[in-house]
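# Examination of the molecular architecture
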Amino acid sequence: MDHAGLNWKNLLTLALAVGATAFAIARAPADDEAIFPMPAGKTYLNECGSCHTAFAPGLLPARSWRKMLAGLTDHFGEDASLDEPQRLAILKDLETLAADTPQANLRMRRINGAIPGNAAPQRITESGYFKFMHDEVPRHIWQRKKIGTPGNCLACHTRANEGRYGEREVRIPQ
Amino acid sequence: MKRYLPLLALFAALPLQAETPQQILDALVAQAGPASAARGEQLFRAKSTAGKTADACTSCHTDNPKAPGQHVKTHKTIDPLAPVAQKDRFTDPAKVEKWFKRNCNEVLARACTAQEKADFTAYMISVK
């Protein structure tokens, strides 16, 4: 039998196979990327995304959003009240795209599955899913001036305002 | 293409409501009387004891209106306030009113007067 070990032909085949695989991985459709649907139009981005990341509605169940939008005059200590037509429009968008809607994608289902049915959590960063996904991030990284708090998604997830949280689009600021 | 649609929509909507900072200042002066950029700067830099999260405009917007700021709690980056550094500042009357309402309430625990708004706007326009 021919020796199947190191020869140029085998090496070339290996190199081509590795190259083709790498290429395929790099170009693969972002099926398992963390992509969440976002409300259409710019109201949500302008009204909710001025002071903080325009968090994807799919990061919390509808009951959480209902509770949040019922208490905007004291929104984590700040007055974030909206006029009523805008509040209702935003609430409708949030309910439509929340983690527990029938159209929810796999990731949203996973997020919702980790939240007890009788809870209406208000902080995305306190969810089991968030902690699990960020458990490799050490404290000193969160404390960097440009990040400051785990709720500052946009600091690292550069396209968070488009609902894109994929690892490939993470850029951790110095 | 799809991800540029919101941007296109924005450009399409702009001409409907865009004003110049001077037009916005003129409208405030019409309510308040002559504006003073110096008084506006004092207001911008003044420390308040009433603030819940921020005790001055500068807490989030920094001492320099031409520099980007950062929300004290969420750490989100805030575009510069001065029109010379950020072209869309003071071009949308509804947006200007919204932020005076929220931020005066936040820092001073009261609404700003028309005079204060006129002074503040005059100061921001005067920053070169």
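Data block above holds the structure.
This report concerns the structure included in the present document. (Residues numbered from 1 in each chain as written. Chains lettered and ligands numbered in written order. Predicted model: local features only at pLDDT ≥ 70, side-chain atom pairs only at ≥ 80, totals over all residues. Heavy atoms only, no water.)

### What to know about the pattern of salt bridges
All names here are of chain A. For the coordinates displayed, the defined rule picks out 13 salt bridges over all chains. Residue Glu 162 is joined to Arg 159 by a salt bridge in which the shortest nitrogen-to-oxygen separation is 3.0 Å. A residue is classified by how much of its surface remains accessible, and Glu 162, at 35% relative accessible area, is partly exposed. Ionic contacts of the salt-bridge type, sharing partners, join the residues Arg 159, Glu 162, Arg 164 and Glu 169 into one network. (Salt bridge = Lys/Arg side-chain N within 4 Å of Asp/Glu carboxyl O. Buried < 20%, exposed > 50% of the residue type's maximum accessible area, 1.4 Å probe, protein only.)

### Some thoughts on the state of the cysteines
Residues and elements named next belong to chain B. This model, assessed by the stated rule, comprises one disulfide over all chains. Two residues, Cys 104 and Cys 112, share a disulfide whose sulfurs are 2.0 Å apart. In this structure, the disulfide formed by Cys 104 and Cys 112 twists by about -95 degrees around the S-S bond and is classed as left-handed. Of the residues examined, Cys 112 reaches a relative accessible area of 11% and is grouped as buried. (Disulfide = S-S within 2.5 Å.)

### A short note on helix H2 (residues 21-32) of chain B
Residue and element names in this part refer to chain B. End to end, H2 covers 16 Å across twelve residues, agreeing with the expected 16 Å (1.5 Å per residue, within 8%). Taken together, the buried positions of H2 are occupied by Pro 21, Ile 24, Leu 25 and Leu 28. One face of H2 carries all of its buried residues, which in axial projection span an arc of 100 degrees. Buried residues in H2 make contact with helix H5 (93-108) and helix H6 (114-126). Of the residues flanking the end of H2, it is Gly 33, one or two places downstream, whose phi is positive at about 100 degrees. (Helix = DSSP H or I, 4+ residues; strand = E, 2+ residues; numbered from the N terminus. Expected span 1.5 Å × (residues − 1). Arc of directions from axis to C-beta. Contact = heavy atoms within 4.5 Å.)

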